[in-house]
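Chain and residue survey
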Amino acid sequence: MSLKDVRGKIVLLNFWATWCEACVHEMPTFEQLYQDFQGEAFALLAVDLRESPAKVEAFRNEYRIAFPLLLDRTGEVGDAYGVLAIPVTLILDREGMTIGKTTGARDWSSAPARRVIQELLLSD
């Protein structure tokens, strides 16, 4: 998958790993956000850093994750985005430019998080 595949959409790009407790904690809130904004010009991509496909697939099944869980087996993508600690989430505009970044777990299904996404979707 490439960011070209989601060009024209507001993108949440999350870097995480299955062993990261904070990452695991926020995954259900990402899933809720993903479900709430399906059908909108919104994409949620979670990039697992340096783990096996089997481990990530087991995680997907256990937590019933529907949004894309991508693999960065070498850490190259994380390095390109300057990821030094996880979880980290970037917000990309419709052109793929980073317009926001946060480190640490958040409740992405909260009213403030949803408002940010709604406002970005309304802006052009």
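Now for a description of the structure that goes with this document. Keep in mind the model is a prediction, meaning the values are calculated, not measured.

**Details of the pairing of strand β5 (residues 98–103)**
Across 5 bridges, strand β4 (residues 88–92) lies against β5 in antiparallel orientation. Residue pairing across strands places Leu 90 opposite Lys 101, the latter belonging to β5. Following β4, the chain reverses through 5 residues before pairing antiparallel with β5; Gly 96 in that reversal takes a positive phi of roughly 90°.

**A closer look at helix α4 (residues 111–122)**
Taking 1.5 Å per residue as the helical rise, α4 with its 12 residues ought to reach 16 Å, and the 16 Å between its terminal C-alpha atoms agrees with that figure. Of all the positions in α4, only Ala 113, Ile 117, Leu 120 and Leu 121 are classed as buried. Taken end-on, α4 shows its buried residues confined to a sector of 100°, consistent with a single buried face. Every exposed residue of α4 that faces more than 90 degrees away from the buried side is listed here: Glu 119 and Leu 122. Next to the buried residues of α4 lie β1 (10–16), α1 (21–36), β2 (42–49), β4 and β5.

**Some remarks on the nonpolar core**
One finds Leu 12, Trp 16, Met 27, Phe 42, Phe 67 and Leu 69 to be the most contacted residues of the largest nonpolar core, which totals 25 residues. Elements that contribute at least two residues to this core include exactly β1, α1, β2, α2 (53–63) and α4. For this core, the element with the highest residue contribution is α1, accounting for 6 residues. When near neighbours in sequence (up to four residues on either side) are disregarded, Phe 42 contacts Lys 9, Ile 10, Leu 12, Leu 33, Tyr 34, Phe 37, Ile 117 and Leu 121. One finds Leu 13, Phe 15, Ala 43 and Leu 92 within the second-largest nonpolar core, a separate group that totals 12 residues.

**Re the state of the cysteines**
In total, this model carries 1 disulfide according to the counting rule given. Residue pairing for Cys 20: its cysteine sulfur links by disulfide to Cys 23, the two sulfurs lying 2.4 Å apart. One quick way to see it: the torsion about the S-S bond of Cys 20 and Cys 23 is about 75°, and its sign makes the bridge right-handed. You can call Cys 23 buried: its relative accessible area is 0%.

**With respect to the packing of aromatic side chains**
Aromatic rings in a pair are described by how distant their centres are and how their planes are angled relative to each other. Evaluated as defined, the whole model comprises 7 aromatic pairs. Relative to Phe 67, the ring of Phe 30 lies with its centre 6.3 Å away and its plane at 70°, an arrangement referred to as edge-to-face. Here Phe 30, found in helix α1, pairs with Phe 67, found in the loop between α2 and β3 (69–72); they are 37 residues apart in sequence, far enough to count as distant. Neither Phe 30 nor Phe 67 differs from the other in exposure class; each is buried. Through successive ring pairs, a cluster of aromatic residues spans Phe 30, Tyr 34, Phe 67 and Trp 108.

**Thoughts on the pairing of β4**
Among the 5 residues that make up β4, 5 are buried, leaving the element largely enclosed by the rest of the structure. With 5 bridges joining them, β1 and β4 adopt antiparallel strand pairing. Its bridge partner lying in β4, Phe 15 is registered against Val 88.

Each value, and the rule that gives it
- Residues numbered from 1 in each chain as written.
- Predicted model: local features only at pLDDT ≥ 70, side-chain atom pairs only at ≥ 80, totals over all residues.
- Heavy atoms only, no water.
- Pairing = 2+ DSSP bridges.
- Helix = DSSP H or I, 4+ residues; strand = E, 2+ residues; numbered from the N terminus.
- Expected span 1.5 Å × (residues − 1).
- Buried < 20%, exposed > 50% of the residue type's maximum accessible area, 1.4 Å probe, protein only.
- Arc of directions from axis to C-beta.
- Contact = heavy atoms within 4.5 Å.
- Core = buried A, V, L, I, M, F, W, Y, C linked by side-chain atoms within 4.5 Å.
- Disulfide = S-S within 2.5 Å.
- Phe/Tyr/Trp six-rings, centres within 6.5 Å; stacked < 30°, edge-to-face > 60°.

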